[in-house]
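One letter stands for each residue in the lines below.
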Amino acid sequence: MSNISDTPASLGVDRQTFLKPVRQALGRISGQAVPAPPAVDPQLVRLASASEDVVSLFAQRAGEVGMTVCRIKSDELIRTVSELLEKVGAKRVAASVGSLPQAVSLNDSLRRKGVEVVDWRATPGFAEQYGLDAGITDVHAALAETGTLICSSDAGHSRGLSLVPPVHVAIVRQSDILPDMVDYWARLRGIPGRELPSSQAFITGPSKTADIEGILITGVHGPGQVFIVVVEGV
Amino acid sequence: MSSTPSESTTSGHDTGKPVGLSVNGHDLLFPPLPYDIHARADKATADKQLLDFVHVATYRKDVTRRQVTSAAFGEKHGDFRELGAAIKQHTLDHLDHYIEKFVDNATAAGVRVHFAQDAAQANAICLDIARRAGAKLCVKSKSMVTEETQLLPQLEAIGVETVETDLGEFILQLDHDAPSHIVTPMIHKNRQSVARAFERELGAPYTEDPQELTQIARAHLREKYRKADLGISGGNFLVAETGSVVICTNEGNGRFCTSAPRVHVAFVGIEKLVPTFEHLGVMLKLLARTSTGQPLTVYTHVMTGPRRAHEHGGPDEMHVILLDNGRTEILKPETREMLRCIRCGACLNACPVYRKVGGHSYGAVYSGPIGALITPMFRGLANYPDLPNASSLCGACYEACPVKINIPKYLIQLRAEMVSKRITKWSDRLVYRMWARSLGRSWTYRLGGWAQKLFFRWQARVAGTLELGDPYRSRGWLNDLPGPAGGWTSQRDMPTPPAKSFRQWWDEQNRP
Amino acid sequence: MKVSLFVTCLTDTFYPRTGIAVVKVLERLGCAVDFPQAQTCCGQPMFNNGFTDEARELARRMVEVFEDSEYVVTPSGSCCAMIHDYYPQLFKDDPAMAERARKLVEKTYEFYQFLLTVVKVDLRSLGAKWSGKVTYHYSCHLRGLGMTDEAVRLIQQIEGVEYVPLPKAEQCCGFGGTFAMKYPQISGTLVRDKVACIRDTRAAAVVSNDAGCTMNISGSCRRENHAVTFLSLAEIIAESLGLMEATAV
């Protein structure tokens, strides 16, 4: 099997040949200057602002799209997550909650309760994750306006835990919650030199379909249930 | 011809013949050319089930769109649409620049970008990638572009089992049917047809419960994700500044197809570019609310290159196939605006004609008002003479469009092109020119109006429907007119003019 | 206020009473109404079917005929939209003519657009009265002019009118000019849908403000055996002000 780097020239055309009819249609020449793109005025685009109670707004909007939200204090986190897992009958779980101080104690505590906590890093890809009952993750950000969780891939975060198991438990710190998507882009831009993750998943609800007669069904390919634990004050 | 669901859903079950096998999805989207809409449209309008499904579903979506956009954007809605339109227009106006930027940035992120001028090249590139990867099983998420290039049979032909994973597309594939709506592909099918297809093709126990049907599909497709070595997706947006590919899905299959297999190939048309993440944000806010009434689709997946060395999960190889396939033809100034389309489907839902004839009547991959524009552009105006004409020009599509494509204006423009290229029948050209000439002078105009009145009222007198009374109001009715007017009276009665015209009244008043 | 009436070809021949009503209402509101006899058709049938050159000549005629008018008022959203949406564009290669066309656009109003935005009429203060259950058909071309609920507001200003909203009001009736003849099944399915909605309202009268829609819907009502009266907005206003004999419903 070949590696991407040693594949020979593509079967299509080269870049300049491809661009020729594009430039012809536009009446442009290569390298011709381009005016600034339309300005994205945050005043216009912003549909939620920091002056609002963003935690409540987030909880409300996430609820509207079918996710279950609870708001807790930091010291209630482990108990809350254990109870949620017990409620859905999850026996086998995996977690990627590295950004939380309680990460280690959460795993230990779950194991003590008899929940098998799988190390998803042990095997490449999603192999280990298909058999899980629940995936527990923190988030890179959350958006109040749309009730959205943003889960990005990195060394500590698989693409799979918010997708593969039937239940996703997302732990959202109050400080993760941004009012609007414009704030997320601003934050991303504010980290100079940062390499983008290969995957940023904006999650707004449990997996859904209305393909059969327009009837809404959850849990098609991704999780049918998404629980959001909002940790206030952190 | 089997454009309507009744054939695929009712005929076979009673006869014991496998249901749906009579439906050849390919022929639905690639009919013999030139394509005449009448046969399918007449059949569709006579199909009560199709009307029940498509009409009710699209009408409901249209109502939802209006409620949701007005709740979310309020007073800003007009400005939002203006901005969405301006972003897409600017990007198209300088598309060479943004393609170059995208290619540079995607390549830097580890993506292999390929350039395909037509469907054959795009498919050849993909087959080559599949061969090199030694692919045996491909999972595919929804992509209109791969419908356009007819990729699937070609993958199957080289021995790569290819599974559509979007629930609707999966069902269509099992039932040898074809998508009829760009967002809700199986809008024309009912649950019974799904139940039968699952029973027949998957050996599943017969159930009509959508929840159970969905679970059957889930279990079946999970096994496919687990084993797949190739994943194919489309792309809703390409971000030039970062080289990212963005897909918007609801079921999660899109994330699986782009993350589980070792190799990911994205087929994307060149019109999908936006300059930056900020611009992407504007388009995302418009897309889901206009399309399905959601604040965002459940999964908006922004992919920037393959799996990084330190990451777990994600493809080792990521390919983007940039496709022209006729788009640079539309990119010319006269039609460029058409390429702003973000495939939200709002114009289909709002269109009275689409509601009544369904997607397969358009005889092409892209249906509805936007399809009526771009299909003749892609595949030849002379091949699709009905598409620009089978519209009442009501403007509902223009009102619904989040990027303000003036669809009625361009339908008329295509009609004008048909006249100038003499695609319009010579007899029609003669009639309109004579008509225009008679309207060009007062006396011929009056004469024409008088003759029409006389003929209609004489016919009504013969038919015995002529009412006498108020000379400016009482009229007769005709129910069987000859020639082209017969199209009118085949459906409804034709009123005759009253005894006197407005001009006669004005003259009788001795007004200046 | 001097107003020139552009009656439109369909209204002239098929719905003369509407033209008469427009004249009477405008005069009642203090306008001096004239009727330039040289007017014929705005060219919409030609334009919509791709006969741009022919449409341009008819547009030129319109521009000339109404050149000296202060206001041009027409009881048709569709013909008004033709002028507004497409006239300047038709003369894009002739700047002088395009400018004259723009002047026509600026002074051309659909009848009730004129009542609301120029005359700023309040039918209540004029003692408008009309008795009966009424629904209103939104013609699609008013959408292009940005007019949505204005006609309904006027109808609701008439004492004694019981207004019933038409379900699915924004869906086209299927007229579309020659579309109705070229694609009869599609058009027919649409108009029957409209008739069913009208039936559901149990209204005695339908107020419809475009002659084309009225021909289509009334013809279908007759075919489908649904007895209902059709009135233009000008007619119901003229009747409500006692300027014309009231239609019994």
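Residues numbered from 1 in each chain as written. Chains lettered and ligands numbered in written order. Predicted model: local features only at pLDDT ≥ 70, side-chain atom pairs only at ≥ 80, totals over all residues. Heavy atoms only, no water.

1. Here's the deal with the side chain of C:Thr11
Of note, C:Thr11 is situated in helix H1 (residues 9-14). Within the local environment of C:Thr11, its side chain forms a polar contact with the backbone oxygen of C:Val7, the two atoms lying 3.3 Å apart. (Helix = DSSP H or I, 4+ residues; strand = E, 2+ residues; numbered from the N terminus. Polar contact = N/O pair within 3.5 Å; in protein donor to acceptor, adjacent residues only side chain to side chain.)

2. Comments concerning the nonpolar core
Ranked by internal contacts, the top residues of the largest apolar core, which has 174 residues, are B:Ile99, B:Phe102, B:Phe237, B:Leu322, B:Leu373 and C:Tyr87. Residue contacts for B:Phe237: discarding those within four places in its chain leaves B:Ser244, B:Val245, B:Val246, B:Cys248, B:Lys272, B:Val274, B:Leu280, B:Met283, B:Leu284, B:Leu287 and B:Ile342. If you look at the next biggest cluster of nonpolar residues, it comprises 49 residues, including C:Leu26, C:Cys31, C:Tyr136 and C:Val207. (Core = buried A, V, L, I, M, F, W, Y, C linked by side-chain atoms within 4.5 Å. Buried < 20%, exposed > 50% of the residue type's maximum accessible area, 1.4 Å probe, protein only. Contact = heavy atoms within 4.5 Å.)

3. Re the interface of chain A and chain B
At the interface, 88 residues of chain A touch 115 residues of chain B. In this assembly, chain A packs against chain B so that about 8,300 Å² is buried in total across both faces, 59% of it on carbon and sulfur atoms. At the junction of chain A and chain B, the tally comes to 12 salt bridges. Notably, a salt bridge pairs B:Glu241 with A:Arg189, separated by 2.8 Å at the nearest N-O pair. Put simply, chain A and chain B have 46 residue pairs in polar contact (both at pLDDT 80 or more) between them. Of all the secondary structure elements, the ones that give two or more residues to the side of chain A that touches chain B are helix H1 (15-26), helix H2 (42-45), helix H6 (181-189), strand S9 (199-203), strand S10 (208-209) and strand S11 (217-218) of chain A. In terms of residue count, H1(A) provides more of the side of chain A that touches chain B than any other element does, 10 residues in total. A class-by-class count of the residues in the side of chain A that touches chain B yields 45 nonpolar, 28 polar and 15 charged. (Buried area = accessible area lost by both parts, 1.4 Å probe. Salt bridge = Lys/Arg side-chain N within 4 Å of Asp/Glu carboxyl O. Nonpolar A, V, L, I, M, F, W, Y, C, P; charged D, E, K, R; others polar.)

4. A closer look at helix H4 (residues 77-87) of chain A
If you check which residues of H4(A) are buried, you get A:Leu77, A:Thr80, A:Val81, A:Ser82, A:Leu84 and A:Leu85. Looking one or two residues beyond H4(A), the residue adopting positive phi is A:Gly89, at roughly 70 degrees.

5. Quick notes on the interface of chain C and chain B
Facing 76 residues of chain C, the contacting portion of chain B comprises 76 residues. Both faces considered, chain C and chain B share a buried interface measuring about 6,300 Å² in area, 59% of it formed by carbon and sulfur atoms. Counting every contact that joins chain C to chain B gives six salt bridges. Notably, a salt bridge pairs C:Asp12 with B:Arg503, separated by 2.8 Å at the nearest N-O pair. Between the two partners, chain C and chain B, sit 33 residue pairs in polar contact (both at pLDDT 80 or more). In terms of residue class, the side of chain C that touches chain B is made up of 32 nonpolar, 26 polar and 18 charged.

6. Overview of the arrangement of the chains
A comparison of contact numbers over the two pairs of chains in contact places chains A and B at the top. Chain C makes no contact with chain A, the minimum C-alpha separation between the two being 20 Å.

7. Some details on the packing of helix H5 (residues 77-93) of chain B against helix H14 (residues 277-291) of chain B
Residue and element names in this part refer to chain B. H14 packs onto H5 with a crossing angle of 130 degrees between their chain directions and a minimal axis gap of 10 Å. As the angle between them shows, H5 and H14 are arranged oblique. Note that H5 runs across H14; the crossing there is left-handed. Here Phe80, Arg81, Leu83, Gly84, Ile87 and Lys88 of H5 lie close against H14, whose contacting residues are His279, Val282, Met283, Lys285 and Leu286. Across the contact of H5 with H14, the residue classes break down as six nonpolar, two polar and three charged. (Axes fitted to C-alpha atoms, helices over the stretch in contact; angles between N-to-C directions. Parallel < 35°, antiparallel > 145°, perpendicular 65-115°, else oblique. Left-handed = near helix turned anticlockwise from the far one by under 90°.)

8. Topic: the pairing of strand S5 (residues 129-137) of chain C
Residues and elements named next belong to chain C. Sheet topology places S5 next to strand S6 (residues 159-163); four bridges connect them, and they run parallel. When the sheet's bridge partners are listed, Gly132 is paired in S6 with Val161. Judged from the four bridges that link them, S5 and strand S7 (residues 205-208) form a sheet pairing that is parallel. Residue His137 lies in a different strand from S7, and its bridge partner there is Ser208. (Pairing = 2+ DSSP bridges.)

9. Quick notes on the environment of B:Phe277
Take B:Phe277: it is sitting in helix H14. Take B:Phe277: its relative accessible area is 5%, and that puts it in the buried class. For the pair B:Phe277 and B:Val239, spaced 38 residues apart in sequence, the C-alpha to C-alpha distance is 6.6 Å. Beyond its immediate sequence surroundings of up to four residues, B:Phe277 is in contact with A:Trp185, A:Leu188, A:Leu196, A:Gln200, B:Val239, B:Glu241, B:Thr242, B:Ser244 and B:Val302.

10. Comments concerning the domain arrangement of chain C
Residues and elements named next belong to chain C. You can read the domains of chain C as domain 1 (2-118) and domain 2 (123-240). Taking only C-alpha atoms, the centre of domain 1 and the centre of domain 2 are 22 Å apart. Taking both partners together, domain 1 and domain 2 bury about 2,200 Å²; carbon and sulfur atoms supply 67% of that area. The interface formed by domain 1 and domain 2 holds two salt bridges in total. Where Arg17 meets Glu235, a salt bridge forms, and the shortest distance between an N and an O atom there is 2.7 Å. At the surface where domain 1 touches domain 2, the tally comes to 11 residue pairs in polar contact (both at pLDDT 80 or more). (Domains from an automatic or database assignment.)

11. Section: empty space enclosed by the protein
Residue and element names in this part refer to chain B. Tallying each qualifying case throughout the model produces nine cavities of 30 Å³ or more. As a volume, the largest cavity reaches approximately 160 Å³. Along the walls of the largest cavity sit 19 residues, with Cys351, Pro369, Ala390, Ser391 and Leu411 positioned nearest its centre. Elements that contribute at least two residues to the lining of the largest cavity include exactly helix H17 (352-357), helix H18 (368-379), helix H19 (396-400) and helix H20 (407-420). Ranked by the residues each element gives to the lining of the largest cavity, the list is headed by H17, at three residues. Here the residues of the lining of the largest cavity are counted per class, giving 16 nonpolar, three polar and no charged. In this structure, the second largest cavity spans a volume of roughly 80 Å³. If you trace the second largest cavity, you find 13 residues lining it, with Cys341, Cys344, Cys347, Cys401 and Pro402 closest to the centre. (1 Å grid on protein atoms, 1.4 Å probe; cavity = no way out; pocket = protein on both sides within 12 Å on 5 of 7 lines; lining within 4 Å. Points joined across faces, edges and corners; volume = space filled by probe spheres on them.)

12. Considerations on the packing of aromatic side chains
A full pass over the atoms with the stated rule returns 31 aromatic pairs over all chains. When the ring of B:Tyr354 is compared with that of B:Tyr362, the centres are 6.2 Å apart and the planes differ by 25 degrees; the resulting orientation is stacked. A single burial state applies to B:Tyr354 and to B:Tyr362, both of which are buried. One aromatic cluster is present, built from ring pairs that chain together A:Phe126, A:Tyr130, B:Tyr225 and B:Phe256. Looking at B:Arg289, its charged tip hangs above the ring of B:Phe73, at a distance of 5.5 Å from the centre. The ring of B:Trp488 carries the charged tip of B:Arg492 above its face, separated from the ring centre by 4.5 Å. (Phe/Tyr/Trp six-rings, centres within 6.5 Å; stacked < 30°, edge-to-face > 60°. Lys NZ or Arg CZ within 6 Å of the ring centre and 35° of its normal.)

13. Brief notes about the sheet that holds strand S3 (residues 71-74) of chain C
Residues and elements named next belong to chain C. Judged by pairing direction, the sheet is parallel, and its four strands sit side by side in the order S2-S1-S3-S4 without closing on themselves. The strands lining the two open edges of the sheet, one partner per strand, are strand S2 (32-34) and strand S4 (108-110). For this sheet, the mean inter-axis angle between neighbouring strands, taken without regard to orientation, is 35 degrees. As paired strands, strand S1 (residues 2-5) and S2 are joined by three bridges and run parallel to one another. Following the sheet pairing, Ser4 is matched in S2 by Asp34. In the packing of helix H5 (residues 77-90) onto the sheet, contacts are made with S3 and S4, and the angle to S4 comes to roughly 150 degrees.

14. Focus on the environment of B:Cys257
All names here are of chain B. Residue placement: Cys257 occurs in helix H13 (residues 253-259). Residue class for Cys257 comes out buried when judged on its relative accessible area of 0%. In this structure, the C-alpha to C-alpha distance between Cys257 and Leu230, residues 27 residues apart in sequence, is 7.9 Å. When residues no more than four places from it in sequence are discounted, the contact partners of Cys257 are Val139, Lys140, Ser141, Thr165, Tyr225, Gly231 and Ile232.

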